[in-house]
Amino acid sequence: MFHSTLKNIWLPYTQMNNCNAPIVAKATHGSTIILNDGAKLIDGIASWWTACHGYNHPHIIKTVKKQLELMPHIMFGGIIHQPAIDLAKHLANLLPGDLNKVFFSESGSVSVEVALKIAAQFWLNQNNNIKNKIISFHGGYHGDTMATMAVCDPEEGMHNLFKNIIPHQYNIPLPDTSEKQKDFIQFLEKHHKTIAAILIEPLIQGAGGMLFHSPEILRFLRKQADHFEILLIFDEIFTGFGRTGSFFACEQADVIPDIITLSKALSGGTMALAATIAKEYIFNGFLSDSDQHALMHGPTFMANPLACSAANASLEVFDQYNWKNAVSSIERQMKKELTQCKNLKNVKDIRVKGAVAVVELYNISNLNRLKIKFIQQNVWIRPFRNIVYLTPSFTITSEELSLLTNSIYDVIKQEY
């Protein structure tokens, strides 16, 4: 029987027939979630890593309130507005190279859909109708919409139900060894004429298991993409905006993709916003006397003024404090404090990069029970598959972070 609070709600990633009664949030502040009953939880994942500056940042709130009174929304078809103009310019200035053509949407999945659509149509506009396949990698995750499901790892569990519905793409092993790189090159030699783009989450594959890889992999992919005339897309929805220690993960490899997707922390954890940004030559491939060569895509709430204002304010907040030092401090503390988990039974691996920490277990027998255990420790940590992870806000205090790391140790020790 459904809990009364779920009478009319359909939750994500949840079997509604037997799910636990949900907790109810009333307010947020900093790294704290305040529940209806007054209980307080320290948030270890920053609401799916969106609230990079913590919740309720005063500068973002002030900016959004001002925009709300001025113009909450306006369609982006045939009319534009200053918050979007400013944000596009700001992003273009922050991104490397000539990644300067910004297409706004309202979710990460859609931003990847748009990237895939741009990649395919770029070649169609050159009368090449066979370059329509995408290479993605085992362990990757790029969203839950139809096209993005096709480029996620088919074995990771969430999307294999739809394998006979979604279009077939090339999902192959990440070329992270010399042997796999040889196999990858052989694959490209055989299939490159049909491949529109290579898609990867740079440095960390997020929801597919928080899997890390080296910057050398990105340099290798850039080299092969150039050699075989294939576009390179970086999905930085998870890794962008300081999460890995640099503002964008691609900076650590000194690699510039042809297209990049951004969302999550873009609006500072306030409202839905995403962007797909392309290089100049990609954009130029859509310029023509023919309307058929235009990018025919337009989400209703794309470039929402409130969301763009929030994003502009969030980018200004980055300039107000030393976020790099904050991320480095978080990284050092998580490495040090999670070391105690190494000798625990069932712990397979511990890895930390930037403001991302992962304790990988050999297995989690009861995921729901583990989630409840963390709530009982007064923390908000949401393990999935076989990992317990932290992606805290950059403004979290060292005391709050210690509560999170110690809770991970305590819960795993109790359970196993």
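Computed from a predicted model, the values in this text were never measured in an experiment.

Points about the overall build of the protein chain
Stage number 1. Summing up its helical and strand segments, the protein chain has 12 helices and 16 strands in all.
Stage number 2. Here the protein chain has a C-alpha radius of gyration of 22 Å; the compact-globule value for 416 residues is 22 Å, and the two agree.
Stage number 3. Here the C-alpha coordinates of the protein chain stretch approximately 60 × 55 × 45 Å along the principal axes.
Stage number 4. When the 416 residues of the protein chain are sorted by exposure, 51% land in the buried category.
Stage number 5. Looking at the protein chain alone, contacts between residues at least 24 apart form 71% of all its contacts between residues at least 6 apart.
Stage number 6. When the accessible surface of the protein chain is summed, it comes to about 19400 Å², and 53% of that surface belongs to carbon and sulfur atoms.
Stage number 7. Placing the 37 positive and 37 negative side-chain charges of the protein chain at their respective mean positions leaves the two points 5 Å apart.

With respect to the nonpolar core
Stage number 1. Among the nonpolar cores identified, the biggest contains 118 residues, and Ile-135, Met-210, Phe-241 and Ile-408 are the most heavily contacted of them.
Stage number 2. The residue makeup of this core includes at least three contributed by each of domain 1 (58–320) and domain 2 (329–415).
Stage number 3. Apart from the residues within four sequence positions on either side, Ile-135 is in contact with Tyr-170, Ile-172, Phe-184, Phe-187, Leu-188, Ile-195, Ala-197, Ile-198 and Leu-199.
Stage number 4. By size, the runner-up hydrophobic cluster in this structure holds 6 residues, among which are Val-64, Leu-306, Ala-310 and Val-317.

Concerning unusual backbone geometry
Stage number 1. Of note in this structure, Phe-241 is not a glycine but carries a positive phi near 65°.
Stage number 2. Its place among the elements puts Phe-241 in the loop between strand 10 (231–235) and strand 11 (259–262).
Stage number 3. A residue is classified by how much of its surface remains accessible, and Phe-241, at 1% relative accessible area, is buried.
Stage number 4. For Ala-303, which is not a glycine, the phi torsion comes out positive at approximately 55°.
Stage number 5. Tracing the chain through its elements places Ala-303 in the loop between helix 8 (280–284) and helix 9 (305–318).

Here we look at the UniProt feature "binding site: pyridoxal 5'-phosphate" (unreviewed entry) in the protein chain
Stage number 1. The UniProt record marks Gly-108, Ser-109, Asp-235, Pro-299 and Thr-300 with the feature "binding site: pyridoxal 5'-phosphate" (unreviewed entry), using the residue numbering of this structure. A stretch of 193 residues holds the annotated residues, and the largest C-alpha distance among them is 22.6 Å, long enough that they do not meet in one place.
Stage number 2. Along the chain, the position of Pro-299 falls in the loop between helix 8 and helix 9.
Stage number 3. What Pro-299 contacts, discounting residues up to four positions off in sequence, is Phe-103, Phe-104, Ser-105, Glu-106 and Val-110.
Stage number 4. Among the secondary structure elements, Thr-300 is positioned in the loop between helix 8 and helix 9.

A few points about the packing of helix 3 (residues 82–94) against helix 9
Stage number 1. The contact between helix 3 and helix 9 brings their axes to 9 Å, and the two run at 40°. In this view, helix 3 runs oblique relative to helix 9, as classed from their interaxial angle. Between helix 3 and helix 9 lies a crossing of left-handed hand. On helix 9, the residues touching Pro-83, Ala-84, Asp-86, Leu-87, His-90, Leu-91 and Leu-94 of helix 3 are Pro-305, Cys-308, Ser-309, Ala-311, Asn-312 and Leu-315.

Description of the packing of aromatic side chains
Stage number 1. Throughout the structure, instances matching the rule amount to 15 aromatic pairs.
Stage number 2. Between the aromatic rings of Phe-247 and Phe-248, the centroid separation amounts to 5.1 Å while the plane-to-plane angle is 90°, which identifies the pairing as edge-to-face. Side by side, Phe-247 and Phe-248 carry an identical accessibility label, which is buried.
Stage number 3. Following the ring pairs from residue to residue traces out a cluster consisting of Phe-241, Phe-247, Phe-248, Phe-318 and Trp-323.
Stage number 4. In this arrangement the basic side chain of Lys-101 is found over the ring face of Phe-283, its NZ or CZ atom lying 4.5 Å from the centre.
Stage number 5. The ring of Phe-212 carries Arg-351 above its face, with NZ or CZ at 5.8 Å from the centroid.

Observations concerning the pattern of salt bridges
Two side chains of opposite charge can pair, provided their charged atoms sit close to one another.
Stage number 1. For the coordinates displayed, the defined rule picks out 11 salt bridges.
Stage number 2. Ionic pairing is found between Asp-176 and Lys-180, a salt bridge with its closest N-O pair at 3.2 Å.
Stage number 3. The structure contains a network of salt bridges with shared partners spanning Arg-222, Asp-226, Asp-258 and Lys-279.

Looking at the packing of helix 11 (residues 367–376) against helix 12 (residues 398–415)
Stage number 1. Direction vectors running N to C along helix 11 and helix 12 enclose 135°, while the axes themselves pass 10 Å from each other. Compared by their axis directions, helix 11 and helix 12 come out oblique. Crossing handedness for the pair helix 11 and helix 12: right-handed. The residues of helix 12 that touch helix 11, namely those facing Arg-369, Leu-370, Lys-373 and Phe-374, are Ser-407, Ile-408, Val-411, Gln-414 and Glu-415.
Stage number 2. Looking at the contact of helix 11 with helix 12, its residues break down into 4 nonpolar, 2 polar and 3 charged.

Definitions and cut-offs
Residues numbered from 1 in each chain as written. Predicted model: local features only at pLDDT ≥ 70, side-chain atom pairs only at ≥ 80, totals over all residues. Heavy atoms only, no water. Helix = DSSP H or I, 4+ residues; strand = E, 2+ residues; numbered from the N terminus. Rg over C-alpha atoms; globule rule 2.2 N^0.38 Å. Buried < 20%, exposed > 50% of the residue type's maximum accessible area, 1.4 Å probe, protein only. Contact = heavy atoms within 4.5 Å. Areas by Shrake-Rupley, 256 points an atom, 1.4 Å probe, with all protein chains shown as cover. Lys, Arg positive; Asp, Glu negative; His and termini not counted. Charge placed at Lys NZ, Arg CZ, Asp CG, Glu CD. Core = buried A, V, L, I, M, F, W, Y, C linked by side-chain atoms within 4.5 Å. Domains from an automatic or database assignment. UniProt positions renumbered as here; feature names shortened; annotations may be inferred. Axes fitted to C-alpha atoms, helices over the stretch in contact; angles between N-to-C directions. Parallel < 35°, antiparallel > 145°, perpendicular 65-115°, else oblique. Left-handed = near helix turned anticlockwise from the far one by under 90°. Phe/Tyr/Trp six-rings, centres within 6.5 Å; stacked < 30°, edge-to-face > 60°. Lys NZ or Arg CZ within 6 Å of the ring centre and 35° of its normal. Salt bridge = Lys/Arg side-chain N within 4 Å of Asp/Glu carboxyl O. Nonpolar A, V, L, I, M, F, W, Y, C, P; charged D, E, K, R; others polar.

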